Amino acid sequence: MRLPDSAHTARPWLIHALASDFRLEDVWALPTPGGPDDLRRLVRQMTSGDGRFSGATRGLFALRWKLGRLLGWDRPGSGLGVRVRTLRDRLPADLRDAPPGPGFRALPLTPVYLTDDEWAAEVANRTVHAVMHIGWVPDGAGGHRGQMAVLVKPNGRFGAAYMAVIRPFRHLLVDPALMRMIGRAWQNRADNVPAGQPDRAGADIPGSGPGRRPSARPVTRQRSRRAS
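Structure report, in brief. Only a predicted model underlies this, so the values are computations on that prediction, with no experimental measurement involved. (Residues numbered from 1 in each chain as written. Predicted model: local features only at pLDDT ≥ 70, side-chain atom pairs only at ≥ 80, totals over all residues. Heavy atoms only, no water.)

1. Notes on the overall build of the protein
The helix and strand tally for the protein stands at seven helices and six strands. Ordered by position in the sequence, the α and β elements of the protein form the string β-α-α-β-α-α-α-β-β-β-β-α-α. Counting only residues that meet the buried cut, the protein has 46% of its 228 residues in that class. The long-range share in the protein, meaning contacts at least 24 apart out of those at least 6 apart in sequence, stands at 68%. (Helix = DSSP H or I, 4+ residues; strand = E, 2+ residues; numbered from the N terminus. Buried < 20%, exposed > 50% of the residue type's maximum accessible area, 1.4 Å probe, protein only. Contact = heavy atoms within 4.5 Å.)

2. What about the pairing of strand 2 (residues 23–29)?
With six of seven residues buried, strand 2 is to be regarded as a mostly interior element. Pairing geometry for strand 1 (residues 2–3) and strand 2, over two bridges, is antiparallel. Bridge pairing in strand 2 links Arg2 to Trp28. In terms of strand pairing, strand 2 meets strand 6 (residues 144–154) through six bridges, oriented antiparallel. Following the sheet pairing, Asp26 is matched in strand 6 by Val150. (Pairing = 2+ DSSP bridges.)

3. A closer look at the environment of Lys153
Residue position: Lys153 is located in strand 6. Judged by relative accessible area, which is 34%, Lys153 ranks as partly exposed. Separated by 25 residues in the primary sequence, Lys153 and Val128 have C-alpha atoms spaced 5.6 Å apart. Leaving out residues up to four positions away in the same chain, Lys153 has contacts with Asp21, Phe22, Arg90, Val128 and His129. A distance of 2.8 Å separates a polar atom in the side chain of Lys153 from a polar atom in the side chain of Asp21. (Polar contact = N/O pair within 3.5 Å; in protein donor to acceptor, adjacent residues only side chain to side chain.)

4. So, the side chain of Thr47
Secondary-structure assignment places Thr47 in helix 3 (residues 39–48). A polar contact of 2.9 Å, which involves the side chain of Thr47, links it to the backbone oxygen of Val43. Those residues in contact with Thr47 that lie beyond four places of it in its chain are Pro102, Gly103, Phe104, Arg105 and Trp119.

5. Section: a nonpolar patch on the surface
Together, Val165, Phe169, Leu172 and Leu173 give the surface a local cluster of nonpolar side chains, amounting to about 410 Å² of exposed area. For Val165, the position within the fold is in helix 6 (residues 156–192). (Patch = residues over 30% accessible without salt bridge, like charges linked within 9 Å, V, L, I, M, F, W, Y side chains within 5 Å. Areas by Shrake-Rupley, 256 points an atom, 1.4 Å probe, with all protein chains shown as cover. Salt bridge = Lys/Arg side-chain N within 4 Å of Asp/Glu carboxyl O.)

6. Re the pattern of salt bridges
The tally for this structure, following the rule as stated, stands at eight salt bridges. Between Glu25 and Arg23 there is a salt bridge, with its nearest N and O atoms 2.8 Å apart. The class of Glu25 is buried, set by a relative accessible area of 9%. For Arg23, a relative accessible area of 36% corresponds to the partly exposed category. When salt bridges with common partners are traced through the structure, they connect Arg23, Glu25, Asp26, Arg167, Arg170 and Asp175 into a single cluster.

7. Side note on the side chain of Arg88
The residue Arg88 is located in the loop between helix 4 (55–71) and helix 5 (93–96) in this model. Summary of buried charges: Arg88 has no salt-bridge partner, and the nearest side chain of opposite charge, Asp97, is 6.5 Å away. A distance of 2.5 Å separates the side chain of Arg88 from the backbone oxygen of Arg96, its partner in a polar contact. With near-sequence residues (within four places) excluded, Arg88 lies in contact with Leu95, Arg96, Asp97, Ala98, Pro100, Pro111, Val112 and Glu122. (Lys, Arg positive; Asp, Glu negative; His and termini not counted.)

If you want it as structure tokens, here you go:
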């Protein structure tokens, strides 16, 4: 379900300071009901590629990658660390030195940081520098759920035109299919955890297990510093 922009902008996320020069593209509620400490479970699920897109959505992704190869949109010289600097360079020192979370198996996204209640990953090419932000928020009914925001920084007029062209396809096909995929995978894992046993998904994420879990609270206090 799409949410109003305020569902993202009204929360005290670190990402606001890191990506103040990005535009908020959209916000979605994720069908991932859980407890207050389940963000790492969602991170592991999303980076592992657990779930499958519909045939139509896979076709759209395949078309995008093919066009990218033909037109050079995704060449190494157009990505992170070359055309644009990674957002990790803007992090406060404590998070810059901490593990950002696991890498993706199936998507060209690079993790930026992970705290108790937020996680961000980024991608850059000739068209755009984009961020996927996952927050873990109260659901208003005594539980918690995930919330996904997409932030973009188009690369000039060409990037702005590209984003305008793909926006209807994202809103009508890609993002709803992604929400369904995330929800199915979340429910399947819940169904397969034996009764009385904790869900250990994501327990092996560096920096987020019992030994060390970077807290969002110290980060919030550091937000008054320049995040660059």
